[in-house]
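Understanding the architecture of this molecule
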Amino acid sequence: MSFQPILIPVFVMVILTFAVAVVMARRRFRFYRTQRLHPQKTATRKGMSEHMEDERAADHFKNLFEMPVLFYLAVLVSMMTNTSSYWLLGLAWLYVICRIAHAYIHCSYNNVFHRFKAFISSYFVLLALWVVLILDIVLF
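A quick note: this is a predicted structure, and the numbers were derived from the prediction, not measured. (Residues numbered from 1 in each chain as written. Predicted model: local features only at pLDDT ≥ 70, side-chain atom pairs only at ≥ 80, totals over all residues. Heavy atoms only, no water.)

1. What about the overall build of the protein?
Per the secondary structure count, the protein includes six helices and zero strands. In the protein, the order of α-helices and β-strands from amino to carboxyl end is α-α-α-α-α-α. Here the C-alpha radius of gyration of the protein, 18 Å, is well above what a compact globule of 140 residues would show, namely 14 Å. Principal-axis analysis of the C-alpha atoms gives the protein an extent of 60 × 35 × 20 Å. (Helix = DSSP H or I, 4+ residues; strand = E, 2+ residues; numbered from the N terminus. Rg over C-alpha atoms; globule rule 2.2 N^0.38 Å.)

Written out as structure tokens, the structure is:
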């Protein structure tokens, strides 16, 4: 199988996921150190929420295993059916850009209105990606 350009946005999403994990880990380690808190006190989700106020990165890390799963599946289906078009590639990149914006907003200043705009944009881009994929498979 030859290289397929649609894999590049997938690689960027994977890098984003690992980057958010690093941000989450750094914030937690800093929190443990500054609060002199033993990590065992945060061994559960309840314990974490009781002790740590800022869980933006952790919340976003969880988000990266929700809707993006449909993105990964769409790319896989596209590759399995040998369906690729500039539309699919463009939508894949647009989806990744929306997710990067969403991650930046969520992990930094966390304005809910801005975050929602980034999320809903990624939602509709992902929906369009699936519609194009389905039409490409069914019609061509």
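2. Here's the deal with the pattern of salt bridges
The final tally for this structure, using the stated rule, is two salt bridges. Glu55 is paired through a salt bridge with Arg28; the nearest N and O atoms lie 2.9 Å apart. Here Arg28 lies in helix H1 (residues 7-35) and Glu55 lies in the loop between helix H2 (45-51) and helix H3 (56-63), a separation of 27 residues in the sequence. Overall, the relative accessible area of 14% leaves Glu55 in the buried class. One salt bridge connects Asp59 with Lys62, and the closest N-O pair in it is separated by 3.7 Å. (Salt bridge = Lys/Arg side-chain N within 4 Å of Asp/Glu carboxyl O. Buried < 20%, exposed > 50% of the residue type's maximum accessible area, 1.4 Å probe, protein only.)

3. Some remarks on helix H6 (residues 112-139)
Here H6 contains 28 residues, and its C-alpha end-to-end distance of 40 Å stays within 8% of the 40 Å for a straight helix at 1.5 Å per residue. Lining the buried residues of H6 we find helix H4 (68-80) and helix H5 (86-107). Its side-chain oxygen placed 2.9 Å from the backbone nitrogen of Phe113, Asn111 serves as the N-cap of H6. (Expected span 1.5 Å × (residues − 1). Contact = heavy atoms within 4.5 Å. Polar contact = N/O pair within 3.5 Å; in protein donor to acceptor, adjacent residues only side chain to side chain.)

4. Side note on empty space enclosed by the protein
Counted by the stated rule, this structure contains one cavity of 30 Å³ or more. Volume-wise, the largest cavity comes out at about 30 Å³. Every residue lining the largest cavity is listed: Met24, Arg27, Arg28, Met52, Asp54, Glu55, Ala57 and Ala58. In terms of residue class, the lining of the largest cavity is built from four nonpolar, no polar and four charged. (1 Å grid on protein atoms, 1.4 Å probe; cavity = no way out; pocket = protein on both sides within 12 Å on 5 of 7 lines; lining within 4 Å. Points joined across faces, edges and corners; volume = space filled by probe spheres on them. Nonpolar A, V, L, I, M, F, W, Y, C, P; charged D, E, K, R; others polar.)

5. A closer look at the packing of H1 against H5
Contact pair H1 / H5: the axes reach a minimum separation of 9 Å and the direction vectors enclose 10 degrees. Judged on the interaxial angle alone, H5 and H1 are roughly parallel. For the pair formed by H1 and H5, the contact residues are Ile8, Pro9, Val12, Met13, Leu16, Val20 and Arg27 on the first element and Leu89, Ala92, Trp93, Tyr95, Val96, Arg99, Ile100, Ala103 and Cys107 on the second. Along the lines of polarity and charge, the residues of the contact of H1 with H5 split into 14 nonpolar, no polar and two charged. (Axes fitted to C-alpha atoms, helices over the stretch in contact; angles between N-to-C directions. Parallel < 35°, antiparallel > 145°, perpendicular 65-115°, else oblique.)

6. Topic: the packing of aromatic side chains
By the definition in use, this model includes six aromatic pairs. A ring pair is formed by Phe61 and Phe65, whose centres lie 5.2 Å apart and whose planes are at 70 degrees; its orientation type is edge-to-face. In this structure an aromatic cluster arises from ring pairing among Phe71, Tyr72 and Tyr95. (Phe/Tyr/Trp six-rings, centres within 6.5 Å; stacked < 30°, edge-to-face > 60°.)

7. Concerning the environment of Leu91
Examined against the element boundaries, Leu91 turns out to sit in helix H5. Owing to a relative accessible area of 12%, Leu91 belongs among the buried residues under this scheme. Considering only alpha carbons, one finds Leu91 and Ala74, 17 residues apart in sequence, at a separation of 11 Å. Excluding its chain neighbours within four sequence positions, the residues that come into contact with Leu91 are Val125, Ala128, Leu129 and Val132.

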